[in-house]
Amino acid sequence: MDVDAVVFELYGVKPVEFTAARDAYVARARREKDTDAAAAIGRLRKPRLAVWAANLLARTRPDEAEALLRLGTELRRAHRELDGGQLRALTHEQHRVIGAMARETGKLAAAAGEPLRETVLRELEQLYRGVLADEDAAGEWAAGRMATAPTGAVGFDGLEPAPGAAPRPAAPAPGPAAPPPAAPASRRASAATPARATDDREDPRARRAAEKRRARLAAAREEAADAAAALRRADEHLAEAAAARDRSEGEEAALRDELATLRARVEEARRAAVEAKRLHRQADRDRAEALRTAESAAHRLEELDRGADRTAR
């Protein structure tokens, strides 16, 4: 049995049809004594609805899938090369492309008879972000045989910069404005005395105001840094929670599949036991009937022997 062809077929069927289709292939492989194929196919797990829908788009819109792969390659390169300008442009393109692809996937799924809820559409967007960051997951998805959504890479934080990469310098900021033309000497002389007196009076207040502004600015910067750190931690916790949720749901789906398989086997064994009991009862009746027939035949034979003896005498 061609396991790769079976995998491709199974990850194209709807999730509600997956378990029955997989188990049918497992049974066929066992009938054909292909134990390796039976084991490999039996390990396949039912995909979530969002994963099935993403596979559907990759299979039916290969050009769009290729465009997302190219965008992922460019984003990973920009992250490794610490190219801030390119990252800003590509990140904007990423949001646009992912939103459009999620909407298109929703249309394809609805046309296939599986309309997607808003929560599934959001899950699709997260899945496509993972595809952008994870090259291996991108390959599985582009081949239309993704089994689970990428959970390890929810962004590009895990990418190491390329050797020797350094942040690209930002565009130079505009220089300070040129000082105004100097006033004529006579005007400078006449204004010197009152200006100095004013500065002497206002300098302490200006200094105190400047110190307060600097203190407020330092506090605001510290608060912003704390908020950014808290946001990063929240993103990490969210990613971990999403990964744990996906693992738990995957395990639950796997256990449900195994439970359904065991229930089917129990039901099959129950029917076989019922049939075996029926056959046993029938065989017991047949044996009793055969015993009666044998006894009757023996009795008749005995009578015939006695009759023959009497005739001979």
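Quick note: structure is the one above.
Residues numbered from 1 in each chain as written. Predicted model: local features only at pLDDT ≥ 70, side-chain atom pairs only at ≥ 80, totals over all residues. Heavy atoms only, no water.

1. Some remarks on the overall build of the protein
Then step 1. Of the regular secondary structure elements, the protein holds nine helices and zero strands.
Then step 2. Reading the helices (α) and strands (β) of the protein from amino to carboxyl end gives α-α-α-α-α-α-α-α-α.
Then step 3. Relative to its full complement of 313 residues, the protein shows a buried share of 24%.
Then step 4. Summarising the internal contacts of the protein: among those between residues at least 6 apart in sequence, 72% fall at separations of at least 24.
Then step 5. Total accessible area computed for the protein in this model is approximately 21,500 Å², and 55% of it derives from carbon and sulfur atoms. (Helix = DSSP H or I, 4+ residues; strand = E, 2+ residues; numbered from the N terminus. Buried < 20%, exposed > 50% of the residue type's maximum accessible area, 1.4 Å probe, protein only. Contact = heavy atoms within 4.5 Å. Areas by Shrake-Rupley, 256 points an atom, 1.4 Å probe, with all protein chains shown as cover.)

2. Description of the side chain of Glu114
Then step 1. Looking at the secondary structure, you find Glu114 in the loop between α6 (84–111) and α7 (118–133).
Then step 2. Within the buried set, Glu114 has no salt-bridge partner at all; the shortest N-O distance to an opposite charge, 4.7 Å, is to Lys14.
Then step 3. In contact with Glu114, not counting residues within four places along its chain, are Lys14, Val16, Leu49, Trp52 and Ala109. (Lys, Arg positive; Asp, Glu negative; His and termini not counted. Salt bridge = Lys/Arg side-chain N within 4 Å of Asp/Glu carboxyl O.)

3. Side note on the pattern of salt bridges
Then step 1. Inspection of the entire model under this criterion finds 13 salt bridges.
Then step 2. One salt bridge in this structure joins Glu32 and Arg28, with 3.1 Å as the shortest N-O distance.
Then step 3. Here Glu32 falls in the partly exposed class, since its relative accessible area comes to 43%.
Then step 4. Look at Arg28 and you get partly exposed, because its relative accessible area is 36%.
Then step 5. Note that Glu125 is salt-bridged to Arg129, the shortest N-O span being 3.9 Å. Of this pair, Glu125 and Arg129 are both found in helix α7, four residues apart, which corresponds to roughly one turn of the helix.
Then step 6. In this structure Glu125 comes out as partly exposed when scored by relative accessible area, which is 25%.
Then step 7. Arg129 sits in the partly exposed class, given a relative accessible area of 26%.
Then step 8. Through salt bridges with shared partners, a single ionic network connects Asp4, Glu140 and Arg145.

4. Structural notes on the packing of aromatic side chains
Any two aromatic rings considered together are summarised by their centre-to-centre distance and by the angle between their planes.
Then step 1. According to the stated counting rule, one finds two aromatic pairs in the structure shown.
Then step 2. Seen from their ring centres, Tyr11 and Phe18 are 5.4 Å apart, and the 35° between their planes marks the pair as tilted.
Then step 3. Residue classification places Tyr11 among the buried positions, given a relative accessible area of 3%.
Then step 4. Given the relative accessible area of 0%, Phe18 is considered buried.
Then step 5. Where Tyr128 meets Trp141, the ring centres are 5.7 Å apart and the plane angle is 70°; that geometry is what we call edge-to-face. Here Tyr128 is found in helix α7, whereas its partner Trp141 is found in helix α8 (residues 135–142), with 13 residues between them in sequence. (Phe/Tyr/Trp six-rings, centres within 6.5 Å; stacked < 30°, edge-to-face > 60°.)

5. Structural notes on unusual backbone geometry
Of all residues except glycine, most have a negative phi; of all peptide bonds, most are trans.
Then step 1. We note that Lys33 has phi near 65°; this positive angle belongs to a residue other than glycine.
Then step 2. With respect to the helices and strands, the residue Lys33 is situated in the loop between α2 (15–31) and α3 (35–42).

6. Examining the nonpolar core
Then step 1. Membership of the largest hydrophobic core comes to 32 residues, with the highest contact counts inside it found for Leu68, Leu127, Tyr128 and Trp141.
Then step 2. Secondary-structure elements contributing two or more residues to this core are α4 (49–60), α5 (62–80), α6, α7 and α8.
Then step 3. With eight residues, the top contributor of residues to this core is α4.
Then step 4. In this structure, Trp141 is in contact with Ala54, Asn55, Leu57, Ala58, Ala65, Leu68, Leu69, Met101, Tyr128, Val131 and Met146, ignoring residues within four places of it in sequence. (Core = buried A, V, L, I, M, F, W, Y, C linked by side-chain atoms within 4.5 Å.)

7. Some thoughts on the packing of α5 against α8
Then step 1. The contact between α5 and α8 brings their axes to 10 Å, and the two run at 175°. Relative to α8, the element α5 is oriented roughly antiparallel. Contacts between α5 and α8 involve Ala65, Leu68, Leu69 and Arg76 from the first element and Glu135, Ala138, Trp141 and Ala142 from the second.
Then step 2. Taken together, the residues of the contact of α5 with α8 sort by class into six nonpolar, no polar and two charged. (Axes fitted to C-alpha atoms, helices over the stretch in contact; angles between N-to-C directions. Parallel < 35°, antiparallel > 145°, perpendicular 65-115°, else oblique. Nonpolar A, V, L, I, M, F, W, Y, C, P; charged D, E, K, R; others polar.)

8. Remarks on the side chain of Arg76
Then step 1. Among the structural elements, Arg76 can be located in helix α5.
Then step 2. Of the side chains bearing the opposite charge, Glu135 lies closest to the buried Arg76, which forms no salt bridge; the N-O distance is 4.4 Å.
Then step 3. Within polar-contact distance, the side chain of Arg76 engages the backbone oxygen of Leu132 at 2.6 Å. (Polar contact = N/O pair within 3.5 Å; in protein donor to acceptor, adjacent residues only side chain to side chain.)

9. What about α3?
Then step 1. Looking at α3, one finds that the buried residues are Ala37, Ala38 and Ile41. Here the buried residues of α3 occupy an arc of 100° about the axis, which is enough to place them on one side. Exposed residues lying more than 90 degrees from the buried face of α3 are Thr35 and Asp36.
Then step 2. Next to the buried residues of α3 lie α1 (3–10) and α2. (Arc of directions from axis to C-beta.)

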